[in-house]
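Close look at the chain arrangement
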Amino acid sequence: MMADILTLIFSILIYPGLLFLFSLALFTQYLYRKLSAHMQKRMGPTYVGPKGVLQPFYDVWKLIHVKEEVVTKYSLPLIAKFFALTGLAAAITVTALLPLSIYRIIGNYDFLVYIYLCCLWIPLSMIIMSLSMPGPYTSIGVSRILSFITVCEPAYFASLLVPVTLVSKDYSPVYSIYTASVNIWKYWLNPYTVPLLILSLIAALVILQAKAMIPPFNIPEAEQEIIAGFETEFSGPILGLGILLHDVDVTITILSVVYILLGGPYPFPHLSIPGIVIVIVKYLAIVLISAVIENIFGRYRIEQALYIMLKYALIPALIALILAMIYIL
Amino acid sequence: MAITKIIEIPYSLEIPVGPQHPALHEPLLLKVYADGEEVVKVEVYTGYNHRGIEKLAERNSFYRDIFIVGRVCGICNTVHANCYVRALEQILGIEPNNRAKYLRVLAMELERIHSHMLINAVMAEIIGFESLFMNIMLDRERIMKAKEILTGNRVLADYMMVGGVRRDINDEKKNKLLKLLNKTEERVKYYKQVFMEDDTILKRLVDVGIITKTDVLKYSLIGPPARASGVKIDARASDKYDAYDEVPFNVVVKKEGDSWARMILRWDEALESINMCKYILENLPSDGNPVPDEKRLPRRFPPGEAFTRVEAPRGELTYYVMSDGKPMPYRVKIRTPSFNNIINTANVYLGHSIADVPVILVSWDPCISCMERITVLDLTTGERKRMHLKELARGGRKWVSPRYSI
């Protein structure tokens with residue numbers, strides 16, 4: 001019993017909770033910045049830490065500890081901070097559902113809990129944070145996020161539901177992330193299910209760009225149009241928490257693709273050299289693809305982006321889901 | 001019961017674009033009123049960068065003013081200096097030799113290439129295409145290097161002087177310039193292709209900010225925005241100043257009239273300018289030293305006036321210089337192309353989305369520092385008043401002889 005509690009605390013605070021997740025999120029931000037810089041013939045972060053690897057950590061630390069909080073008459077900074085922490089808490093809770101965790105929560109339909117936390121609480125926290133610090137650009141940014149959510153989150157849900165549905169046919173607990181992650185590699189070898197998984201992978205990669213708000217879908221925070229969109233009025237600690245929440249959201253999305261769609265380290269266990277290498281390669285490959293997409297596109301207008309998401313994410317994901325349903329019948 | 005009355009409640013959001021805004025590299029305020037994402041009204045406010053250059057020019061000698069007018073705009077400083085210097089030459093009755101004229105055109109065309117590359121890069125950045133922005137800016141460095149080889153400076157050239165230019169070039173420099181131009185030509189062709197084929201660029205620029213030929217003439221637009229709407233207007237072709245009568249070139253014209261046409265036209269013009277530069281380097285006349293002896297230049301200017309115009313990268317730039325026989329000009333009047341192009345185009349934004357506002361603005365190639373005019377603010381009454389051209393011409397004086405006013 002005591003050991004269980006200690007494992008739970010360790011998994012929440014250190015691995016894969018607070019410390020690991022935040023470190024991975026900020027390292028992912030560093031990877032994006034460095035890869036983009038390389039593609040744009042710049043140097044990227046170089047100053048803090050070896051090869052600039054600590055730059056994102058320093059940025060967040062500086063915002064939280066040094067920078068002052070600028071508030072307007074209508075700002076509610078406490079509410080903004082509260083919801084930033086709520087979003088981060090939701091993200092940390094989600095890690096317990098992934099096979100990455102040492103304190104695994106496994107059960108029937110735990111996938112729905114994951115979607116509830118990931119697709120509802122994180123975006124909702126961002127929106128409420130933004131509305132707590134209002135301004136003209138903020139309202140446009142929030143309205144753009146809300147438009148995005150209508151297409152982006154259903155497509156994300158549908159694309160991840162494909163592997164979960166396929167695996168639930170043969171293995172239990174049903175609709176569980178752990179079961180899907182452990183067994184999905186078998187379905188990548190099955191010629192009938194590979195096309196479905198490829199379709200949902202394409203959808204997931206498009207959605208990753210949209211959820212991470214990077215080109216061609218960086219519309220809610222389009223710098224040249226609406227300053228920083230929903231983040232415009234953030235400053236000091238709130239901006240630091242906002243950046244952290246955004247990075248954590250990106251990381252969780254990438255991890256979900258790596259584990260649920262691509263099967264994590266399996267068939268090798270986590271604590272083996274091939275297992276670790278496979279997970280790291282898959283994670284880096286997705287970051288690389290995302291960074292390449294970021295650098296070969298400009299930014300669409302909102303209606304164009306919604307159409308693109310509908311065409312390349314929601315429809316492929318739904319087709320794959322319908323075919324998966326037919327397959328399991 | 002039939003409905004007899006409908007009350008419409010207009011909802012619009014006021015979004016300030018500028019004066020400090022990431023979309024603009026210079027201070028200008030566009031007050032954009034939007035209904036949702038649709039722009040319903042735009043007001044253009046200038047006045048954040050007024051430096052009183054015209055007045056400054058009246059307080060300094062004719063020769064010092066060459067450097068002052070070169071600072072009106074960083075990007076098109078050579079054309080400003082050229083226009084002013086040619087006005088002085090008209091007053092003095094001096095004609096530079098052919099080699100000097102060719103070198104002047106070379107400097108101005110290099111400036112046109114890098115200016116057009118810059119604004120295309122900015123357009124790429126405005127639509128969020130950062131990698132394209134970085135790459136164009138990197139290739140633009142070659143032209144900056146070429147300008148440095150020719151004039152001695154990357155940006156502010158200070159190349160023009162009365163009766164010629166400040167530096168001559170030798171064969172070694174000529175070869176270096178040709179090499180740089182050949183490399184740049186390759187890249188410019190590639191970027192033009194990118195602008196013609198890339199999905200996001202086409203989606204964001206095509207059919208955005210269309211201005212018809214009639215509107216161009218109605219609102220007196222000039223330069224690339226006019227040429228992109230099918231109006232063949234180019235001071236180089238109509239005035240044939242300096243060596244433009246001898247250097248062959250085409251006036252590029254497009255018919256579409258949208259933001260995309262304006263940007264493609266700039267790539268075409270950049271290619272045309274590269275060809276002109278190559279022609280100049282290969283056919284540079286040797287009819288004497290293009291660098292006049294500064295000590296032998298006339299110290300006194302006879303009374304008289306001159307009106308000159310050049311085709312700056314952004315359109316027709318005009319200078320009016322008046323001398324009353326004193327060491328300092330009586331009046332220097334500058335009319336820059338951005339002044340026409342930005343202030344007269346507020347109606348083009350209407351009906352587009354907020355995302356299109358920066359795109360349309362950048363497609364005019366705004367040069368804010370060129371176009372500043374003043375608003376007088378009476379601190380006691382709080383009254384704001386725009387000064388008319390006539391009042392500006394009086395230089396703040398209450399009355400001036402009609403002979404000297406415009």
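A short tour of the structure in this document, coming up.

Conventions adopted
- Residues numbered from 1 in each chain as written.
- Chains lettered and ligands numbered in written order.
- Predicted model: local features only at pLDDT ≥ 70, side-chain atom pairs only at ≥ 80, totals over all residues.
- Heavy atoms only, no water.
- Helix = DSSP H or I, 4+ residues; strand = E, 2+ residues; numbered from the N terminus.
- Rg over C-alpha atoms; globule rule 2.2 N^0.38 Å.
- Contact = heavy atoms within 4.5 Å.
- Areas by Shrake-Rupley, 256 points an atom, 1.4 Å probe, with all protein chains shown as cover.
- Lys, Arg positive; Asp, Glu negative; His and termini not counted.
- Charge placed at Lys NZ, Arg CZ, Asp CG, Glu CD.
- Phe/Tyr/Trp six-rings, centres within 6.5 Å; stacked < 30°, edge-to-face > 60°.
- Buried < 20%, exposed > 50% of the residue type's maximum accessible area, 1.4 Å probe, protein only.
- Buried area = accessible area lost by both parts, 1.4 Å probe.
- Salt bridge = Lys/Arg side-chain N within 4 Å of Asp/Glu carboxyl O.
- Pairing = 2+ DSSP bridges.
- Axes fitted to C-alpha atoms, helices over the stretch in contact; angles between N-to-C directions.

What follows is about the overall build of chain A. A tally of helices and strands in chain A yields twelve helices and zero strands. Listing each helix as α and each strand as β along chain A from the N terminus yields α-α-α-α-α-α-α-α-α-α-α-α. For chain A, whose C-alpha radius of gyration is 20 Å, the value lies close to the compact-globule estimate of 20 Å for 329 residues. Within chain A, residue pairs in contact and separated by at least 24 positions form 77% of the contacts whose partners lie at least 6 positions apart. For chain A, the accessible surface area stands at approximately 13,800 Å², while carbon and sulfur atoms represent 76% of it. The centroid of the 18 positive side-chain charges in chain A is displaced by 7 Å from the centroid of its 16 negative side-chain charges.

Now for the packing of aromatic side chains. Residue and element names in this part refer to chain A. Counted by the stated rule, this structure contains 18 aromatic pairs over all chains. Arranged with centres 6.1 Å apart and planes meeting at 25°, the rings of Tyr-58 and Trp-61 form a pair that is stacked. On the criterion of helical spacing, the pair formed by Tyr-58 and Trp-61 is a turn pair, its members being three residues apart in helix H3 (residues 55–65). On the accessibility criterion, Tyr-58 (40% relative accessible area) is partly exposed. On the basis of an interplanar angle of 75° and a centroid distance of 6.4 Å, the ring pair of Phe-148 and Phe-217 is categorised as edge-to-face. Taken together, the positions of Phe-148 in helix H6 (residues 136–170) and Phe-217 in the loop between helix H8 (194–212) and helix H9 (223–226) put the pair 69 residues apart, joining distant regions of the chain. The buried category is assigned to Phe-217, whose relative accessible area is 3%.

Right, let's get into the environment of Val-292 of chain A. Looking at the element boundaries, Val-292 of chain A is found in helix H11 (residues 273–296). Sequence separation between Val-292 of chain A and Ser-36 of chain A is 256 residues, and the spatial gap between their C-alpha atoms is 7.7 Å.

A few words on the interface of chain A and chain B. Residue-level contacts link 25 residues of chain A with 30 residues of chain B. Contact between chain A and chain B buries roughly 2,400 Å² in total, counting both sides, with carbon and sulfur atoms accounting for 54%. The tally of links from chain A across to chain B stands at one salt bridge. Of the charged contacts, one joins Arg-301 of chain A and Asp-356 of chain B as a salt bridge, the two residues approaching to 2.8 Å between their closest N and O atoms.

Before going further, it helps to spend a moment on the pattern of salt bridges. Oppositely charged side chains can form a pair if their charged atoms are brought close together. Residue and element names in this part refer to chain B. According to the stated counting rule, one finds 36 salt bridges over all chains in the structure shown. Residue Glu-58 is joined to Arg-331 by a salt bridge in which the shortest nitrogen-to-oxygen separation is 3.3 Å. Residue Glu-58 is found in helix H1 (residues 53–58), and its partner Arg-331 is found in strand S8 (residues 331–335); the two are separated by 273 residues along the sequence. Each member of the pair, Glu-58 as well as Arg-331, carries the same accessibility label: buried. A salt bridge links Asp-168 to Arg-99, with the shortest nitrogen-to-oxygen separation between them at 2.9 Å. Of this pair, Asp-168 sits in the loop between strand S5 (164–165) and helix H6 (171–197) while Arg-99 sits in helix H4 (residues 98–126), and the two are 69 residues apart along the sequence.

Another point: the pairing of strand S7 (residues 315–323) of chain B. All names here are of chain B. Judged by how many residues are buried, S7 sits mostly within the fold: nine of nine residues are covered. Here strand S6 (residues 304–312) pairs with S7 via nine bridges, running antiparallel. Along S7, the bridge assignment pairs Ala-312 with Gly-315. Linking S6 back to S7 in an antiparallel pair, the connection comprises two residues. As paired elements, S7 and S8 share five bridges and run antiparallel to each other. From the neighbouring strand, Val-321 faces S8, where its bridge partner is Val-332.

Before going further, it helps to examine the sheet that holds S7 of chain B. Residue and element names in this part refer to chain B. The sheet built from three strands is open, its strands ordered S6-S7-S8 with antiparallel pairing. Each having just a single partner strand, S6 and S8 make up the two edges of the open sheet. Ignoring which end each strand starts from, the neighbouring axes of this sheet average 10° apart. Against the sheet, helix H3 (residues 77–92) makes contact with S6, S7 and S8, and its axis sits at roughly 150° relative to S6, the strand it touches most.

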